[in-house]
Amino acid sequence: DPNYAYITSYPSGSRPNVMRSTNGVRGSFYGITGSGSGIGADGANWVTPYLLDPQSPNILYIGTTKAYRSIDHGSNWTQVGPGDMTGGSGTVLSLDINPNFTEVLLAGTTSGRVWYTTNSGDDWDDITAGLPSRSINDVASDPTNPNRAFAVVGGFNTEHLWEWNAGSGWTDHFIGDVPANA
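Our subject in this report is the structure included herewith. (Residues numbered from 1 in each chain as written. Predicted model: local features only at pLDDT ≥ 70, side-chain atom pairs only at ≥ 80, totals over all residues. Heavy atoms only, no water.)

### Overview of unusual backbone geometry
Definition in use: A run of H or I in DSSP counts as a helix once it spans at least four residues, and a run of E counts as a strand once it spans at least two, with each numbered from the N terminus. Throughout, exposure labels follow a simple rule: accessible area from a 1.4 Å probe, protein chains only, divided by the maximum for the residue type, with under 20% read as buried, over 50% as exposed, and the rest as partly exposed.
For H73, which is not glycine, the phi dihedral falls at a positive 60 degrees. Residue S120 is not a glycine yet carries a positive backbone phi of 60 degrees. Its place among the elements puts S120 in the loop between β10 (114-117) and β11 (125-126). For S120, a relative accessible area of 23% puts it in the partly exposed group.

In structure tokens:
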């Protein structure tokens, strides 16, 4: 629906700052993540990760220290999954939704955790085991195989590109000792 457009800016206090226009990209934008939206004052990353479901763009996801889902273009939000995805430190830094299996999502945190769900965020599995303790700068799900994912990590003195397969866990892919962002 071309009437809906979204932008994000740095957090407003301890809440993410996502704004929406219902009159297209040249329309007026107003906040949809403030007090009363259903999103708590959890803390948020400087660039708040949010996603639109590519098959149902009325469904949005956003990451703070938790994951939230909206089924009405961001008018109302509900927390989905664990009450803290970070282990008590940091924020969700990266989110991904599989374009062909939209019930499959990934979340990566600044505290080095990766979460995986196969039911649109209702239940999440912590699939971090086997990764170095680094910020998860980006995550991506394989569009042809919902049981395969990738993560890139920051920092030095470790591998930076990792592949995950359900049942076998993480495998590193050497790309040099340079932090990866995407």
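### Quick notes on the pattern of salt bridges
Stated precisely, the cut-off is as follows: By convention in these notes, a salt bridge is any Lys or Arg side-chain nitrogen within 4 Å of a carboxyl oxygen on Asp or Glu.
Enumeration over the complete set of coordinates arrives at 5 salt bridges. The partner of R148 in a salt bridge is D142, and the shortest N-O contact between them spans 2.7 Å. Classification of D142 as buried rests on a relative accessible area of 9%. The residue E163 makes a salt bridge to R148 at a minimum N-O spacing of 2.8 Å. Here R148 lies in strand β13 (residues 148-153) and E163 lies in strand β14 (residues 161-165), a separation of 15 residues in the sequence. In this structure E163 comes out as buried when scored by relative accessible area, which is 12%. Residue R148 is classed as partly exposed on the basis of its relative accessible area of 25%. Among the ionic contacts, a cluster of salt bridges with common partners joins D142, R148 and E163.

### Notes on the environment of G63
Tracing the backbone shows G63 in strand β5 (residues 60-63). Residue G63 is classed as buried on the basis of its relative accessible area, which comes to 0%.

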